[in-house]
Every structure is written in C-alpha cells, then in structure tokens.
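Reading the structure
Single-letter residue listing:
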Amino acid sequence: MWKKALLVIIAGVGVFLGFLVFGEKKNNQPLKVYVIFQEDAGRILLETFKEQTGQPYDIIRMSSGEASYHLLSLGKTGIDVVLGGPADLHEQLKNKNKSLRYSSAAANSIPAKYKDNDGYWTGMYMGALAIGVNQTVWQQDPTLKALPLPQGYEDLLRPELKGKIEIPDPETSGTGYTLLASLAQQRGDREAVSLMQSLKQQSASMTFAGNTSAQHLAEGELAAAVSFLSDQLRFKNSGYNISSLIPPQAGWEIGAVSILKGGNNSAAAKKLVDFMLSREVQTDYMNTAFSFPVAPNIPVNPLLAPVKLENLLATYRFDLAAEQHEKLLGQWREASK
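Right, let's walk through the structure included here. (Residues numbered from 1 in each chain as written. Predicted model: local features only at pLDDT ≥ 70, side-chain atom pairs only at ≥ 80, totals over all residues. Heavy atoms only, no water.)

To continue, consider the overall build of the chain. Within the chain one finds 13 helices and 11 strands. Principal axes of the C-alpha set define a box for the chain whose edges measure 100 × 40 × 35 Å. Every one of the 337 residues in the chain was classed for burial, and the buried ones make up 50%. Contacts spanning at least 24 positions in sequence make up 75% of the contacts within the chain whose residues lie at least 6 apart. One finds the centroid of the 33 positive side-chain charges in the chain at a distance of 7 Å from the centroid of its 33 negative side-chain charges. (Helix = DSSP H or I, 4+ residues; strand = E, 2+ residues; numbered from the N terminus. Buried < 20%, exposed > 50% of the residue type's maximum accessible area, 1.4 Å probe, protein only. Contact = heavy atoms within 4.5 Å. Lys, Arg positive; Asp, Glu negative; His and termini not counted. Charge placed at Lys NZ, Arg CZ, Asp CG, Glu CD.)

In structure tokens, the structure reads:
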C-alpha cells in the first residue's frame, strides 16, 4: 500500500516539476510587438524592459496603416502588443474586438482624455501635426527666399512650392490619416478630401510613413513637409536647419498602447504596458522622443517649450476618426482616380 502511495507522490512531484519547466518555457517565449513609432526608440525601450524582466521580445516596425491592415483584415497574427500609433488605430482594434481590456495601475494618474474609458488602450504620449520648413533650402531657393514661411496648409499650395513639399499617404500612414481626419472634422469631408488632393498634386511624392517626410525634409530634398512635430524635432536636435509651426486647428495624436487578443503572451504584455506607463520610462521617453507627456508633472523637452498647443483642434475626436476610417479613405480613393 505504501509503495502505491509513494508512486502517487512521485508522479505528483513529476507533474509539478513538469509544470514549472514547461510553464517557465511558455512564459519566456518572445513577446511580439508591433512598434508604430521609430524602430530605434522601440528597441531601446524593449531592451530596457528585457534587462529588467528577462523577457525576450520580437520587434516588428510598421506604419499605422500597415498595422491596421494586418490586424484588422487578417486572421490571428500572434502579435501581443501594439506600441504607439494614433489612438484611432487602437479604437479600431477595440471596435473590431481585436484587443484585450487592461487597466494598468500605472494609468491611474493619466487624465481620462488620454485613455480609453473602457480600458482597452492607454495613451503614452501626445503629438501635434506641424508644417516643417528646411530653412537652408528655403533661403537658397530664389523663388522662395522672399516669401513668408507657410502658416497654414493653404500656404503650401503656392505655385512657387510646386514639387517642393511632401505629405504622407493617408492610406498607409497614421500621420497622413490624422491630417485627413482632422481636416474632415474641422471643415467637412468634401473640403478635407479636396484640400488633401491639392496637397497631393503639389507634392514631390506621397510618403508611406510620416517620419519619412521629416527625413526627406531634413536631408534637403524638400522645402517644406507636413508630419508630426516630434519627427521634425528629432532631426532639428541632430543639427538640421528645420523650423516648425503648428497650423491653426491642427490635428493631433495620442500615441497609445494596447494588448491584442490574438497574442500568445498576455501576462508579459501586461508587464510591458505597466513598464511603458511607469513614471521613469515616461520621463526618459518624453525627453528623447520630443513628444508631450500625458502623465502629469513630467517636464517636456526644452525644444517643445515654445510650442503653442492652443493652435490644436480642441474638438478632435479619435473615436470619430476610427468610426469614419473606411468612409474617408473610400472618398480619398475615389477622388484619386
């Protein structure tokens, strides 16, 4: 009898040890993350997360439009976390039942306007659309140097700027879609699409991602470009002669983080959200990414000190931008024929 009991105990210990071994293996599988902002910044953040937690990761850099297509149009992707990208992308994921509800304790101090009321996404940073000008190109161009710098989007339609500006594509770029959606909410769909088409015709090209426009601007390929201010300031901080202005009623973004249902590592995904929303990471990231913090009492980078946020479209709604996504892009495609 005692031999039988001993065998049961040994079997039970074996099962327990097996659970520990395989459970640990499962928990240590790579956390798969779509990073919508700059890949180098994403790698630095995820490397720090790995050092603190021991959690391996796979990083996939995608534009907002790419991520939207992959996550909304395809089936199970195995992606655990979407890191960054405008809140309307995260609203779409919520509306399509693709994301998991998770309200991190670290999000308690973040104002309600910067996070989803139902807990499906939380803002990490805030950024504004801006018109960037390469001052060197502008001053060396005989047709531009006598002109005042552009103050609004219509100023980019001056004939002297034909082929010397660039905007991002609203179908592939979250920056481009923020421009289209904010114009639609301010001026109505028809006028927004018409202005975007005029800017397209004025542009040297339409870029796949918003940060590419800022890069082309910095490298002197353009006189002016529309992108998020943070992308322009990254190059300005590196010594490029770029000036930036937020046009009246400009669109803006809440860069958010959300956890996906299709992932395989929700426990590690929650830890990453906690990490990203921690005060230490928020402070470090805001001072290097040139974005506005959403958590209170975090100082902004000095390059952001002169920025006038009162120029932003205060009534801009991310839920409406998400709801109208297909409709607006459908109108854009029709006008592009």
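What follows concerns the pairing of strand β3 (residues 81–86). Taking burial as the measure, the six residues of β3 include six buried ones, the bulk of the element. Relative to β3, strand β1 (residues 31–35) is paired through three bridges, and the arrangement is parallel. Along β3, the bridge assignment pairs V35 with L83. As paired strands, β3 and strand β10 (residues 252–260) are joined by four bridges and run antiparallel to one another. If you follow L83 over to β10, its bridge partner there is V257. (Pairing = 2+ DSSP bridges.)

Attention now moves to the packing of aromatic side chains. In total, this model carries seven aromatic pairs according to the counting rule given. Each ring, one from Y125 and one from Y285, has its centre 5.9 Å from the other, and the planes form 50°; the classification is tilted. Of this pair, Y125 sits in strand β5 (residues 122–134) while Y285 sits in helix α11 (residues 279–289), and the two are 160 residues apart along the sequence. A relative accessible area of 5% means that Y125 is categorised as buried. (Phe/Tyr/Trp six-rings, centres within 6.5 Å; stacked < 30°, edge-to-face > 60°.)

All right, on to unusual backbone geometry then. For residues that are not glycine, phi is negative in most cases, and the peptide bond is trans in most cases. Its identity as a non-glycine residue notwithstanding, N97 has a phi of 60°, on the positive side. Its location among the elements puts N97 in the loop between α4 (87–95) and β4 (99–100). Although it is not a glycine, F290 sits at a positive phi angle of roughly 60°. In this fold, F290 is placed in the loop between α11 and β11 (292–293).

Contact geometry for helix α7 (residues 189–202) and helix α13 (residues 325–336): axes closest at 10 Å, N-to-C directions at 50°. For the element pair α7 / α13, the angle class is oblique. Considering how the two elements wind past one another, α7 and α13 form a crossing that is right-handed. Where α7 abuts α13, its residues D189, V193, M196, Q197 and K200 lie against K327, L328, Q331, W332, A335 and S336. (Axes fitted to C-alpha atoms, helices over the stretch in contact; angles between N-to-C directions. Parallel < 35°, antiparallel > 145°, perpendicular 65-115°, else oblique. Left-handed = near helix turned anticlockwise from the far one by under 90°.)

Here we come to the pattern of salt bridges. Evaluation of the coordinates by the stated rule reveals 11 salt bridges. A salt bridge links R43 to E39; the shortest N-O distance between them is 3.0 Å. Note that R43 and E39 are positioned in helix α2 (residues 39–53) at a spacing of four residues, about one turn of the helix. Note on R43: relative accessible area 37%, which makes it partly exposed. Across the salt bridge formed by K94 and D118, the nearest N and O atoms sit 2.9 Å from each other. With a gap of 24 residues between them, K94 in helix α4 and D118 in the loop between β4 and β5 connect regions that are remote in the sequence. Judged by its relative accessible area of 37%, D118 falls in the partly exposed class. Several salt bridges share partner residues, and in doing so they unite K94, D116 and D118 into one network. (Salt bridge = Lys/Arg side-chain N within 4 Å of Asp/Glu carboxyl O.)

Across soluble globular proteins, you tend to see nonpolar side chains buried next to one another. Within the largest apolar cluster, 82 residues are counted, with the highest numbers of intra-cluster contacts made by F37, Y153, L180 and L272. The element that contributes the greatest number of residues to this core is β5, accounting for eight residues. Contacts of F37, omitting those with residues within four sequence positions, involve G42, L45, R61, L83, G84, M124, Y125 and Y285. Core analysis: the second largest hydrophobic core is formed by 10 residues, A67, I79, L89 and L260 among them. (Core = buried A, V, L, I, M, F, W, Y, C linked by side-chain atoms within 4.5 Å.)

Okay, the environment of S266 next. With respect to the helices and strands, the residue S266 is situated in helix α10 (residues 266–277). Accessibility expressed as a relative area gives 39% for S266, which makes it partly exposed. Once the C-alpha coordinates of S266 and L195 are considered, the two residues, 71 residues apart in sequence, prove to be 43 Å apart.

That is the geometry; function is a separate question.
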